[in-house]
Amino acid sequence: MADGTLPTLDNYAVGTNPIGNGTVKPFTVQAAKKVQKPAFDAAAGTQDKTAETVDKAQEAVKGAQEVLGVENYSLGTGGISSQFLDTFKKYYGYDWTQDMGFPTERAPGMSDSDWAALNYLYQGHLAEGRAAAQRDAAIAAQEQERDTALQRAYINNEKLLKYLPTQLKRAGMSGNLGATESAYIDAAAAYGNTTADISKSFAGNVSELERAYGDAAAQREATLSDRLLTLQREENARIEAKNAETMARNEQSLQDVLEYTQFNTGAELLEIIKSYEGKVSDEAYSDAMRAYELYMADPANVQADKTFTEKQEAAKGKTTTAKEDEDALAGKTSFPATDQFGNEYKIAINGQALDASEVNGSKLSKWVTEGLGYDSPYSKEIPNGTAVHPRLDRWYVYYNGEWYPGKSV
């Protein structure tokens, strides 16, 4: 009989790979982060600049930036980069740093799809960094152009205001308060329009850069999503193939149990069948349960189960040693008589134990139950060495749960 050890399905649940269990999270657009602004170029603008004028120009630029809420941008921690860093730490147990590059060896337990997914995330992380650096450089250039333009506009306005009284005097309007006021208002309006146009142009350019960056980021994330989804599908296909192969082996193993009667009792058969639940197809499991029901519907099988159980119980209760068993089965041990003749008996040399089918329902069984009063020919109450002779020419000796051909000493 088989020892009951059965093949089992491997733990190939989709939820154990990083694509299916949520390690790779939905993509998010990378967050912006402030960086050091480019140094102000004091050499820009006209040659007519004093230290005081430059300081005022810088203050004007700063004020315009504060009003507009302008920020610089750099690579953040969201999106693909965040996913790569999180996934790397999940498998390796420590943080990835720029100097590491892509790992040369897999972390313990990483499958082919895990390794491929990590590589895709790494390549996406590099691409995201390059794109962010290019965007930041372009925005920095726009900031420099804006700062220079604002500085030049401020200096030009300061020059205009400085020489405006002289121009009004030459025009003969120095005493005309209305004309003077109008000239200063026009100058302030022109300066305001210029700075507003500069700021508007800057904001539009930055918005376009951000839009282009966002579109490219979305495309990168969509491409990565497709690749990871393909990996997941391929992994699931491998899992399904592996499970189908394992299930087929299990079904064949269960069929062997049924076909070659690799069990001793119906209870043992039921236990074996139940151990295959969920590891074979529903159809195969149902067929096996029907086979069990048919087995138990046969009275001969029920009696065989009872006999086997009784023999097992009797064998468990034996008190003899291995040497005593060896001598008894070799016909070297004599047992006290249980008959009216007072003879002693022993197991016939090389005698083989009788099969239960030879005992149950036979004259021997009737002699033991009716003559000796036991409830079964395999009752655990029957003492070792009990000898009976249901036929005058044949004797039988009971020993450790089995009946053997015997002979008179």
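Parameters at a glance
- Numbering of residues begins from 1 in every chain and follows the order in which that chain's sequence is written.
- Residues qualify for local features only when their pLDDT is at least 70, as the model is predicted, and side-chain atom pairs are given and counted only at 80 or more; totals for whole chains, interfaces and linings, by contrast, use all residues.
- Hydrogen atoms and water are omitted, and side-chain values are computed over all heavy atoms in the structure.
- pLDDT is a per-residue confidence score from the predictor, ranging from 0 to 100.
- Whether two residues are in contact is decided by their heavy atoms, any of which lying within 4.5 Å being enough.
- Any two strands with at least two DSSP bridges between them are considered paired.
- To qualify as a helix, a DSSP run of H or I must reach at least 4 residues; to qualify as a strand, a run of E must reach at least 2; elements of each kind are numbered from the N terminus.
- Fitting a line to C-alpha atoms yields each axis, with helices limited to the stretch in contact; the angle taken between N-to-C directions then spans 0 to 180 degrees.
- Exposure categories follow from relative accessible area, calculated using a 1.4 Å probe and restricted to protein chains: below 20% of the type maximum is buried, above 50% is exposed, and the middle band is partly exposed.
- Here the nonpolar core consists of buried residues drawn from Ala, Val, Leu, Ile, Met, Phe, Trp, Tyr and Cys, with membership extended through side-chain atoms lying within 4.5 Å.
- Each angle is binned into one of four classes, with values under 35 degrees roughly parallel, values over 145 roughly antiparallel, values of 65 to 115 roughly perpendicular, and all other values oblique.
- Residues are grouped as follows: Ala, Val, Leu, Ile, Met, Phe, Trp, Tyr, Cys and Pro are nonpolar; Asp, Glu, Lys and Arg are charged; every other residue, Gly included, is polar.
- Arc definition: directions from the helix axis to the C-beta atoms.
- In the cavity and pocket records, a cavity denotes points on a 1 Å grid over the protein atoms alone where a 1.4 Å probe fits but cannot get out, a pocket denotes an open set with protein on both sides within 12 Å along at least 5 of 7 lines, and lining residues are residues with an atom within 4 Å of a point.
- Grid points are joined across faces, edges and corners, and a volume is the space filled by probe spheres set on the points.
- Each aromatic pair joins two rings of Phe, Tyr and Trp (for Trp, the six-membered one) with centres within 6.5 Å, and gets the label stacked for planes under 30 degrees apart, edge-to-face for over 60, and tilted for any other angle.
- The criterion for a charge sitting over a ring is simple: Lys NZ or Arg CZ within 6 Å of the ring centre, and within 35 degrees of the ring normal.

**Q** So what's going on with the confidence of the model for the chain? Residues and values would help.
**A** Any region with low pLDDT has predicted coordinates that should not be read closely. For the chain, per-residue confidence averages 77 on the pLDDT scale, and 76% of positions sit at 70 or higher. Between residues 1–51, whose pLDDT stays under 50, and residues either more than four places distant or in other chains, the model counts 111 contacts.

**Q** Kindly report on the sheet that holds strand β3 (residues 394–399), identifying the contributing residues and their values.
**A** Strand order in the open sheet made by the 4 strands is β1-β4-β3-β2, with antiparallel pairing throughout. In this open sheet, the two edge strands, each paired with only one partner strand, are β1 (345–347) and β2 (386–391). Averaged over all adjacent pairs, the angle separating strand axes in this sheet is 45 degrees, with direction ignored. Of the strands in this sheet, β1, β3 and β4 (402–408) are in contact with helix α8 (residues 322–329), which crosses β3 at around 170 degrees. Along the sheet, helix α10 (residues 363–371) makes contact with β2, β3 and β4, crossing β2 at roughly 125 degrees.

**Q** Break down unusual backbone geometry for me, with residues and values.
**A** One non-glycine residue, T261, adopts positive backbone phi at about 50 degrees. Along the polypeptide, T261 turns up in the loop between α4 (177–259) and α5 (266–275). Taking the relative accessible area as the measure of exposure, T261 reaches 46% and is therefore partly exposed. Even without a glycine there, the phi angle at N400 is positive, about 50 degrees. On the basis of relative accessibility, which here comes to 14%, the residue N400 falls in the buried class.

**Q** So what's going on with the nonpolar core? Which residues, and what values?
**A** By size, the foremost hydrophobic cluster in this structure holds 16 residues, and its most contacted members are F84, F88, Y92, M110 and L118. Dropping the residues within four chain positions of it, Y92 is found in contact with P103, E105, R106, A107, M110, W115 and L118.

**Q** Account for the packing of α5 against helix α6 (residues 282–296), with residues named and values stated.
**A** It is the contact of α5 with α6, at a shortest axis distance of 10 Å, that shows an interaxial angle of 175 degrees. One way to sum up the angle between α5 and α6 is to call them roughly antiparallel. Contacts between α5 and α6 involve G266, L269, L270, I273 and K274 from the former and Y285, A288, M289, Y292, Y295 and M296 from the latter. Of the residues in the contact of α5 with α6, the class split is 9 nonpolar, 1 polar and 1 charged.

**Q** Summarise α10; cite the residues concerned and give the values.
**A** Considered for burial, the residues of α10 that qualify are L364, S365 and V368. An end-on view of α10 places all buried positions within 100 degrees of arc, on one side of the element. Turned more than 90 degrees from where α10 packs its buried face, K363, E370 and G371 sit exposed. Contacts from the buried residues of α10 go to α9 (356–359), β2, β3 and β4. At the C-terminal side of α10, G373 shows a positive phi close to 85 degrees.

**Q** Account for the layout of surface pockets, with residues named and values stated.
**A** Put simply, the largest pocket is a space of about 200 Å³. As for the largest pocket, its lining consists of A300, Q303, A304, T307, F308, K311, D355, A356, S357 and N360. Listed by contribution, the elements that provide at least two residues to the lining of the largest pocket are α7 (299–316) and α9. Take the lining of the largest pocket: its biggest share by element is 6 residues, from α7. Each residue belonging to the lining of the largest pocket can be placed in one class, and the counts come to 4 nonpolar, 4 polar and 2 charged.

**Q** Break down the packing of aromatic side chains for me, citing the residues and quoting the values.
**A** Taken as a whole and assessed by the stated rule, the structure comprises 14 aromatic pairs. Consider the rings of F84 and W96, whose centres lie 5.2 Å apart with planes at 80 degrees: the pair is edge-to-face. Taken together, the residues span a long stretch of sequence, with F84 in helix α2 (residues 79–92) and W96 in the loop between α2 and α3 (112–170) at a distance of 12 residues. On the accessibility criterion, W96 (9% relative accessible area) is buried. With a centroid separation of 5.3 Å and an interplanar angle of 50 degrees, the aromatic rings of F102 and Y122 are classed as tilted. On the criterion of sequence distance, the pair formed by F102 in the loop between α2 and α3 and Y122 in helix α3 is long-range, its members being 20 residues apart. Clustering of aromatic rings is evident, with ring pairs tying together F84, F88, Y92, Y94, W96, F102, W115 and Y122. In this structure, R135 is placed above the aromatic ring of Y213, and the distance from its NZ or CZ to the ring centre is 4.2 Å.

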